[in-house]
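# Structural features, examined
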Amino acid sequence: MTAPKTLYDKIWDAHVVSEDADGTSLLYIDRHLVHEVTSPQAFEGLRMAGRQVRAPEKTIAVPDHNVPTTLDRASGVIENEESRIQVEALDKNARDFGVHYYPVSDVRQGIVHIVGPEQGWTLPGMTVVCGDSHTATHGAFGALAHGIGTSEVEHVLATQTLIQKKSKNMKVEITGKLRPGVTAKDITLSVIGATGTAGGTGYVIEYCGQAIRDLSMEGRMTVCNMAIEGGARAGLIAPDEKTFEYCKGRPHAPKGAAWDAAVAYWKTLFTDEGAHFDKVITIAGEDIAPVVTWGTSPEDVLPITATVPAPEDFQGGKVEAAKRALDYMGLTAGQKLTDIEIDTVFIGSCTNGRIEDLRAAAAILKGKKIKDGMRAMVVPGSGLVRAQAEEEGLADIFKEAGFEWRMAGCSMCLAMNPDQLSEGERCASTSNRNFEGRQGYKGRTHLVSPAMAAAAAITGKLTDVREMM
Amino acid sequence: MEKFQKLSGIAAPMPLVNIDTDMIIPKVFLKTIKRSGLGVNLFDEMRYDRQGNEIPDFVLNKPQYRDAQILVAGDNFGCGSSREHAPWAIADFGIKCVISTSFADIFFNNCFKNGILPIVLPQEQVDLLMKDAEKGANARMEVDLEDQTITTSDGEVIKFDVDAFKKHCLLNGLDDIGLTMEKATAIDAYEERAKQSFPWA
């Protein structure tokens, strides 16, 4: 009998091309997602070395980081010259090397981590990489998915493999049920609050437990998306009927007999009884509250009912970091989080730009108006999410409430396009990073769930969404 | 890739924890389609004011650290994005070695692809090196990759661990795509097997 394996062990073992004595392995990559920001130097490297893309049929490119999200973008003109050159470079590289491509004009265009699953490129048991840290998102399907740098993008383009050493196994179990008003975003932020942003360093996390099982695929993607914010190489959730249901019928999912064979294999993708985890974290679902971030690291998480902490509440290097964060965020220790006034609300990103996220926000906004003077925008994660939200009447709810209804892209999550915060502007954001300057120079970010973002848009302050349900 | 063997240079102290990739190289500089020229924008928002004037308090603006080649940093250095622009900017500035108690995974890997040696040490030893770095330009540290040692300005020797394969690549300046290409037969064989086992992939 072979030793019991974790889900991560199984996927890893199925992809080892070769292994050296010291454990350095060559790992085969099933799907390589590519966007315009981290790929130009990699394609240039191929050209200079006279190399080809080894498996263009497994390589999928889509522009997302730089693209404007204004409605007039259909004209095809990107005003910022550098952004335009970068998107044009991806156009050319995709054509020259013959990889799958969704240009800005295609309704299927969107954030790479939303397009992959939506088109059925991401499937259980696969290895998925992209020159983007939020590749962790695809782990929701029981795929081993992680971000890589541009040199590794070039390596995967040329060889369809990566040189890797295996990470350790970490289990994060969320037991029981979530309380009303608590979402996948609150789970993932609460886990980072508990472990710290370096707590997952050196590990691949498997999320499990009843509260995870109960999540939709959209919610599971939100949880895995932020595994990287906890420092983990990847986050994983074992595939189940919900996963198969989501994948079935997608354009690039297998069909007919191939589908049956795939499902039979996918059903073997779970952690065996007795498999060893190097680290285990358990959180009761009932103990998780709607949370917000107060500082400039995703680990700076507190329940919305809490007050802003003081630097003395921390230890070691975190004391200085907290001082700096409070100063940057313009907050005072002891201040109630619900007293913090907001200028801008951003709903979107690969963390929370899917249809379920828009439904959750629209449910709070229905029949209401955002506060006078509030800037609020919804940026759907893909053209198809946008179309579905229009069909379901969600777009009308957002527009009537006073939100801008934008085209798909990364937008204000990282503010590489014109969607940015101005100096001192404070934003309730459904994105994934509250780093200094992330959403614009000296901009201030509070990370929240879509429902909490909608609540803040109405009241003009960080708000406990449970009071509006 | 440039080789890394021995380095003797000035170390700059950056004790702040969680220095993220947006701090190392803000996104406005990610629009380049080249790898070079990012050093001038390393730590841009910490280093310059909005008018582009240097902020004198920032460590790399201080006269004694302007030529730093080593960075001693707080925990979890390089967290955040996968942008290789971060190590490109660090290398372009002239820093070839970063020392911390921990690094974010992707950043750590990216360093090795760019001739930068990231060294992980226990808190006590990082504290000691931080103090040494705070002495400024008269204090030079020596990093020897072959021997896996750091020698402080006082002559104290600290051993460090490094992955054997990564060490080999850095010492010899090897391009790992070339190395992997030599394994083409194994990759072909894997693809044949996978066609049978996972035809949908």
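Computed from a prediction, not measured in an experiment: that's the story for all the values here.

## Examining the sheet that holds strand β3 (residues 97-100) of chain B
Residue and element names in this part refer to chain B. With respect to topology, 7 strands assemble into an open sheet ordered β4-β3-β2-β1-β5-β6-β7, the strand pairing being mixed. Bordering the open sheet on either side are β4 (117-120) and β7 (157-159), each of which pairs with just one other strand. Sheet twist, expressed as the average angle between the axes of neighbouring strands with direction ignored, equals 25°. Direction of pairing for strand β6 (residues 149-151) relative to β7: antiparallel, over a ladder of 3 bridges. For T151, the partnering residue across the bridge sits in β7 and is V157.

## Some words on the interface of chain A and chain B
At the interface, 73 residues of chain A touch 55 residues of chain B. Across the chain A to chain B interface the summed buried area is about 5,300 Å²; carbon plus sulfur atoms make up 56%. Summed over the three residues of chain A that lose the most area to chain B, namely A:Q41, A:R54 and A:Y441, the buried surface amounts to 13% of that side. At the boundary of chain A and chain B, one finds 8 salt bridges. Between A:R438 and B:D22 there is a salt bridge, and its shortest N-O distance comes to 3.1 Å. Counting every contact that joins chain A to chain B gives 30 residue pairs in polar contact (both at pLDDT 80 or more). Of all the secondary structure elements, the ones that give two or more residues to the side of chain A that touches chain B are β1 (16-19), β2 (25-28), α2 (40-49), α3 (81-97), α5 (150-159), β8 (161-164), α10 (256-266) and α11 (317-329) of chain A.

## Examining the packing of aromatic side chains
Residue and element names in this part refer to chain A. For the coordinates displayed, the defined rule picks out 19 aromatic pairs over all chains. With 5.2 Å between their ring centres and 35° between their planes, F43 and F97 make a pair best called tilted. One end of the pair, F43, is in helix α2; the other, F97, is in helix α3, and 54 residues separate them in sequence. Taken as a pair, F43 and F97 share a single burial class, namely buried.

## Quick word on the pairing of strand β5 (residues 140-144) of chain B
Residue and element names in this part refer to chain B. Alignment of strand β1 (residues 6-14) against β5, held across 5 bridges, turns out to be antiparallel. The partner of I10 across the bridge, within β5, is R140. In the sheet, β5 pairs with β6 via 3 bridges, with the strands oriented antiparallel. Residue pairing across strands places E142 opposite T151, the latter belonging to β6.

## Quick word on the packing of α2(A) against α5(A)
Pairs of packed helices are described in terms of their axes, by the angle between the two and the distance that separates them. Residues and elements named next belong to chain A. Two elements in contact, α2 and α5, have axes separated by 8 Å at closest approach and are oriented at 50°. Between α2 and α5, the angle falls in the class oblique. Like other packed secondary-structure pairs, α2 and α5 cross with a definite hand, here right-handed. Taking contact as the criterion, the partners of Q41, A42, F43, G45 and L46 in α2 are, on α5, T150, V153, E154, L157 and A158. Each residue belonging to the contact of α2 with α5 can be placed in one class, and the counts come to 6 nonpolar, 3 polar and 1 charged.

## Quick notes on the pattern of salt bridges
All names here are of chain A. On inspection of all chains with the given rule, the structure shows 39 salt bridges over all chains. When the shortest N-O distance is used, the salt bridge between D22 and K165 registers 3.9 Å. Taken together, the residues span a long stretch of sequence, with D22 in the loop between β1 and β2 and K165 in the loop between β8 and β9 (168-175) at a distance of 143 residues. The class for D22 is partly exposed, based on a relative accessible area of 35%.

What counts and how
- Residues numbered from 1 in each chain as written.
- Chains lettered and ligands numbered in written order.
- Predicted model: local features only at pLDDT ≥ 70, side-chain atom pairs only at ≥ 80, totals over all residues.
- Heavy atoms only, no water.
- Pairing = 2+ DSSP bridges.
- Helix = DSSP H or I, 4+ residues; strand = E, 2+ residues; numbered from the N terminus.
- Axes fitted to C-alpha atoms, helices over the stretch in contact; angles between N-to-C directions.
- Contact = heavy atoms within 4.5 Å.
- Buried area = accessible area lost by both parts, 1.4 Å probe.
- Salt bridge = Lys/Arg side-chain N within 4 Å of Asp/Glu carboxyl O.
- Polar contact = N/O pair within 3.5 Å; in protein donor to acceptor, adjacent residues only side chain to side chain.
- Phe/Tyr/Trp six-rings, centres within 6.5 Å; stacked < 30°, edge-to-face > 60°.
- Buried < 20%, exposed > 50% of the residue type's maximum accessible area, 1.4 Å probe, protein only.
- Parallel < 35°, antiparallel > 145°, perpendicular 65-115°, else oblique.
- Left-handed = near helix turned anticlockwise from the far one by under 90°.
- Nonpolar A, V, L, I, M, F, W, Y, C, P; charged D, E, K, R; others polar.

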